Amino acid sequence: MALRIETPLPFALRSANSWLWPGPDPVVVDTGLGDAAAWATLDAGLRAAKVDARRLTIVLTPGHPDHSGNAAHLAAGGATVTALAAEEPLVAHHRATQRTRHDAIGDALIHHGVPAATIQAVRKRGGHFDSFSVDTPMRPLRDGQRIPLGSGEATVHAAPGHTPGSLLLALD
């Protein structure tokens with residue numbers, strides 16, 4: 001059975017969910033924002049469940065910082081980070097691709113007639129949001145792949161839209 005770890009967000013949404021399947025080979029789906037408050041909450045939840053980070057697998061549903069922000073903390077303790085291959089630019093190369101992503105967003109906004117001052121404000125806010133994530137090596141998952149999840153398995157399904165490599169897990 002999955003345990004919900006509700007990590008705080010310093011935004012209007014207020015929280016993000018991490019889902020933990022404890023056991024000898026634990027899995028956590030999403031890790032929350034990479035700030036001190038979210039890390040403290042996630043770490044406390046994992047410790048309460050007696051999770052050994054060296055045996056932990058992380059599944060990131062998108063690579064955005066509010067889902068992947070604490071993956072680097074856990075990877076430093078031995079956890080394996082996974083996501084669909086299309087998320088690699090957001091997970092493994094987040095900081096390195098920041099300018100390219102921001103330029104693409106700016107170009108799209110210009111194309112749609114958004115005023116320059118608004119585009120600058122979006123870039124500034126995006127830069128702040130990007131600070132909540134650290135480049136983290138990952139192991140790619142494939143659409144249709146079966147992965148262990150608690151005492152059962154789940155099937156990985158590509159669900160592009162929110163990000164190019166967003167995924168869903170179908171539980172058995």
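Residues numbered from 1 in each chain as written. Predicted model: local features only at pLDDT ≥ 70, side-chain atom pairs only at ≥ 80, totals over all residues. Heavy atoms only, no water.

Novice: I would appreciate a short explanation of the pairing of strand S1 (residues 3-8) in the present structure.
Specialist: The side chains of a regular strand alternate, residue by residue, between the two faces of the sheet. Two elements, S1 and strand S2 (residues 15-21), share six bridges in a ladder whose sense is antiparallel. Residue pairing in the sheet places Ile5 in a bridge with Ser18 of S2. (Pairing = 2+ DSSP bridges. Helix = DSSP H or I, 4+ residues; strand = E, 2+ residues; numbered from the N terminus.)

Novice: Teacher, can you tell me more about the nonpolar core here?
Specialist: In globular proteins that are soluble, nonpolar side chains generally tend to be buried together. Among the nonpolar cores identified, the biggest contains 17 residues, and Leu46, Leu56, Ile58, Leu74 and Val81 are the most heavily contacted of them. Only helix H1 (36-48), helix H3 (71-76) and strand S5 (80-84) provide two or more residues apiece to this core. Ranked by size, the runner-up nonpolar core spans 11 residues in total, among them Trp21, Val59, Leu84 and Ala154. (Core = buried A, V, L, I, M, F, W, Y, C linked by side-chain atoms within 4.5 Å. Buried < 20%, exposed > 50% of the residue type's maximum accessible area, 1.4 Å probe, protein only.)

Novice: How should I be thinking about the pattern of salt bridges in this particular structure?
Specialist: Two side chains carrying opposite charge are able to pair once their charged atoms lie near each other. On inspection of all chains with the given rule, the structure shows eight salt bridges. Among the ionic pairs, Arg123 bridges to Asp103, the shortest N-O distance being 3.2 Å. Pair noted here: Arg123 is in helix H6 (residues 116-130) and Asp103 is in helix H5 (residues 98-111), with a separation of 20 residues, a long-range link. The partly exposed category is assigned to Arg123, whose relative accessible area is 28%. Note that Asp172 and Arg146 form a salt bridge whose closest N and O atoms lie 2.5 Å from each other. Note that Asp172 is positioned in the segment after strand S9 (167-171) and Arg146 in strand S7 (residues 146-149), a separation of 26 residues in sequence. We classify Arg146 as partly exposed; its relative accessible area is 39%. In this structure, a network of salt bridges that share partners links the residues Arg99, Asp103 and Arg123. (Salt bridge = Lys/Arg side-chain N within 4 Å of Asp/Glu carboxyl O.)

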